[in-house]
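These are the residues of each chain, in order.
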Amino acid sequence: GVLYERARRSLDNQDFDGSIRVYEALIARYPFAAETRQARLDLIYAYYRGRETESALDQADTFIRENPTHPRLDYAYYIKGLTDFEREANFLERWFRVDLDQRPPQTTRRAFTSLRKVVEEYPKSAYANDARRRMIHLRNRLADYDLVNAIGRVADTSIAVARLLFSGHLLRFPGMKLVLSHGGAALPLVLGRLARNFTIAQGKYADPRKGFEALYF
């Protein structure tokens, strides 16, 4: 129809605001027309390119929910993933010059989930290869977030001192006092598990509960 052709022409000319207005009018006036379903798909892309992030995500979710067997669901999931993948800084993030790579991982996880849907459920999709490439990038981001410092140091301390406790060195030198960093790491919480290993091992290890008495946090 005339409205759809007009909206499509605006979209092809990268007039995203104009195409959004016409697509919205078309969908409101003719919700059950044959071309309206394609208009809904086009509108997801128009919102995405027009940087209307929340509208793009809402439109994609609505389309997926209302058209569970549509042959182009892969496209809806792909654009949904791109929207989260490329989400630009909001006002406060721009004002404070936030490094977007340090943004909490919620949008990263959402993008990864949408793109994985394309790769796993639509492996022959024209968008599958690009979705897979972006997933690798997102996986690397999710592996970051300074977790080496936040969790890795705690794990290192826990493992090193657990080995020391099982070795019996603290019992061989009863005057030794050991001061631990990181608040004793996870040892105070997992001492019961270490004691269980000691019981199962039947004398192969030293009793970690006795060595634990020489530790200071």
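Per-chain numbering applies: the sequence of each chain, read as written, is numbered from 1 onward. Per-residue local features are limited, in this predicted model, to residues with pLDDT of at least 70; the limit for side-chain atom pairs, both in listing and counting, is 80 or more; totals at the level of whole chains, interfaces and linings are taken over all residues. By convention in this description, side-chain values take in all heavy atoms of the structure and omit both hydrogens and water.

**A look at the overall build of the protein**
To keep it simple, the criterion reads: In this description a helix means any DSSP run of H or I spanning at least four residues, a strand means any run of E spanning at least two, and both kinds are numbered starting from the N terminus. Throughout, exposure labels follow a simple rule: accessible area from a 1.4 Å probe, protein chains only, divided by the maximum for the residue type, with under 20% read as buried, over 50% as exposed, and the rest as partly exposed. Should any heavy atoms of two residues lie within 4.5 Å, those residues are counted as being in contact.
Scanning the protein from N- to C-terminus turns up 12 helices and 2 strands. If you list the helices and strands of the protein from N to C, you get α-α-α-α-α-α-α-α-α-α-β-α-α-β. Across the 217 residues in the protein, those meeting the buried criterion constitute 41%. Counting only contacts in the protein whose residues sit at least 6 apart along the sequence, the fraction spanning at least 24 positions is 59%.

**Here we look at the nonpolar core**
Basically, it comes down to this: Throughout, nonpolar core names a set of buried Ala, Val, Leu, Ile, Met, Phe, Trp, Tyr and Cys residues whose side chains join them through atoms within 4.5 Å.
By size, the foremost hydrophobic cluster in this structure holds 36 residues, and its most contacted members are Tyr23, Ile44, Tyr78 and Ile79. Those residues in contact with isoleucine 44, other than ones at most four positions away along the chain, are Ala56, Gln59, Ala60, Phe63, Ala76 and Ile79. Formed by 11 residues, the second largest nonpolar core is a distinct cluster that contains Ala162, Leu187, Leu191 and Phe212.

**Things to note about the side chain of serine 158**
The cut-off we apply is this: Two N or O atoms count as a polar contact when they lie within 3.5 Å, although within protein this holds only if one can serve as hydrogen donor and the other as acceptor, and sequence-adjacent residues are included solely when both atoms are side-chain atoms.
When you line up the elements, serine 158 lands in helix α9 (residues 147–167). Under the relative-accessibility criterion, serine 158 is labelled buried at 12%. Within the structure, serine 158 has its side chain in polar contact with the backbone nitrogen of alanine 186 (distance 3.0 Å). Setting aside residues up to four positions removed in sequence, serine 158 forms contacts with Ala185, Ala186 and Leu187.

**Quick notes on the packing of aromatic side chains**
Quick note on the threshold: The criterion for an aromatic pair is that two Phe, Tyr or Trp rings (for Trp, the six-membered ring) have centres within 6.5 Å, with stacked assigned to planes under 30 degrees apart, edge-to-face to planes over 60 apart and tilted to the rest.
Scanning the entire structure with this criterion turns up 6 aromatic pairs. A centroid spacing of 4.8 Å and a plane angle of 20° characterise the contact between tyrosine 78 and tyrosine 127, whose relative ring orientation is stacked. Note that tyrosine 78 is positioned in helix α5 (residues 73–85) and tyrosine 127 in the loop between α7 (106–121) and α8 (128–142), a separation of 49 residues in sequence. Here the aromatic residues Tyr75, Tyr78 and Tyr127 are joined through ring pairs into a cluster of three or more.

**Section: the environment of arginine 6**
Relative to the assigned elements, arginine 6 resides in helix α1 (residues 2–12). Accessibility expressed as a relative area gives 47% for arginine 6, which makes it partly exposed. With 13 residues separating them along the chain, arginine 6 and serine 19 place their C-alpha atoms 7.7 Å apart.

**A look at the confidence of the model for the protein**
One rule of thumb: low pLDDT means the predicted coordinates there are not for detailed reading. To be explicit about the condition: Confidence per residue, as judged by the predictor, is encoded in pLDDT with a range of 0 to 100.
Confidence in the prediction of the protein, expressed as mean pLDDT, is 86, and 86% of residues score 70 or more. No element of the protein has a lower mean pLDDT than helix α6 (residues 91–95), which averages 50, and none a higher one than helix α2 (residues 16–29), which averages 96.

**Let's talk about a positive patch on the surface**
To be explicit about the condition: What goes into a patch is any residue over 30% in relative accessible area without a salt bridge, connected to like charges within 9 Å or, for nonpolar side chains (Val, Leu, Ile, Met, Phe, Trp, Tyr), within 5 Å. Areas reported here follow the Shrake-Rupley algorithm with a probe of radius 1.4 Å; residue values treat only the protein chains shown as occluding. One side-chain nitrogen of Lys or Arg within 4 Å of one carboxyl oxygen of Asp or Glu is enough to make a salt bridge. Under the convention used here, Asp and Glu are negative, Lys and Arg are positive, and both His and the chain ends fall outside the count. Working definition for charges: the position is that of NZ of Lys, CZ of Arg, CG of Asp or CD of Glu.
Residues Arg6, Arg9, Arg21 and Arg29 make up a contiguous surface patch of positive charge. Among the structural elements, arginine 21 can be located in helix α2. Overall, the relative accessible area of 57% leaves arginine 21 in the exposed class.

**Side note on the packing of helix α3 (residues 36–49) against α5**
Selection criterion: Axis lines are fitted to C-alpha atoms, over the contacting stretch for helices. Their N-to-C directions set the angle, which ranges from 0 to 180 degrees. Angle categories: roughly parallel below 35 degrees, roughly antiparallel above 145, roughly perpendicular from 65 to 115, and oblique for all the rest. Each residue gets one label: Ala, Val, Leu, Ile, Met, Phe, Trp, Tyr, Cys and Pro are nonpolar, Asp, Glu, Lys and Arg are charged, and the others, such as Gly, are polar.
The interhelical angle for the contact between α3 and α5, taken along N-to-C directions, is 10°, at an axis separation of 10 Å. Overall, the two elements α3 and α5 adopt an arrangement that is roughly parallel. For the pair α3 and α5, contact is made by Leu41, Ile44, Tyr45 and Tyr48 and by Tyr75, Ala76, Ile79, Leu82 and Thr83, respectively. Of the residues contributing to the contact of α3 with α5, the split by class is 8 nonpolar, 1 polar and no charged.

**Quick notes on the pattern of salt bridges**
All chains considered together, the criterion is met by 9 salt bridges. Lysine 80 is the partner of aspartate 61 in a salt bridge, and the nearest nitrogen-oxygen pair spans 2.7 Å. One end of the pair, aspartate 61, is in helix α4 (residues 53–66); the other, lysine 80, is in helix α5, with 19 residues separating them in the sequence. Classification of lysine 80 as buried rests on a relative accessible area of 18%. The salt bridge involving aspartate 130 is made with arginine 133; its shortest N-O contact spans 2.3 Å. Of this pair, aspartate 130 and arginine 133 are both found in helix α8, 3 residues apart, which corresponds to roughly one turn of the helix. For aspartate 130, a relative accessible area of 18% translates into the label buried. Residues joined by salt bridges that share partners form a network here, namely Glu86, Asp130, Arg133 and Arg134.

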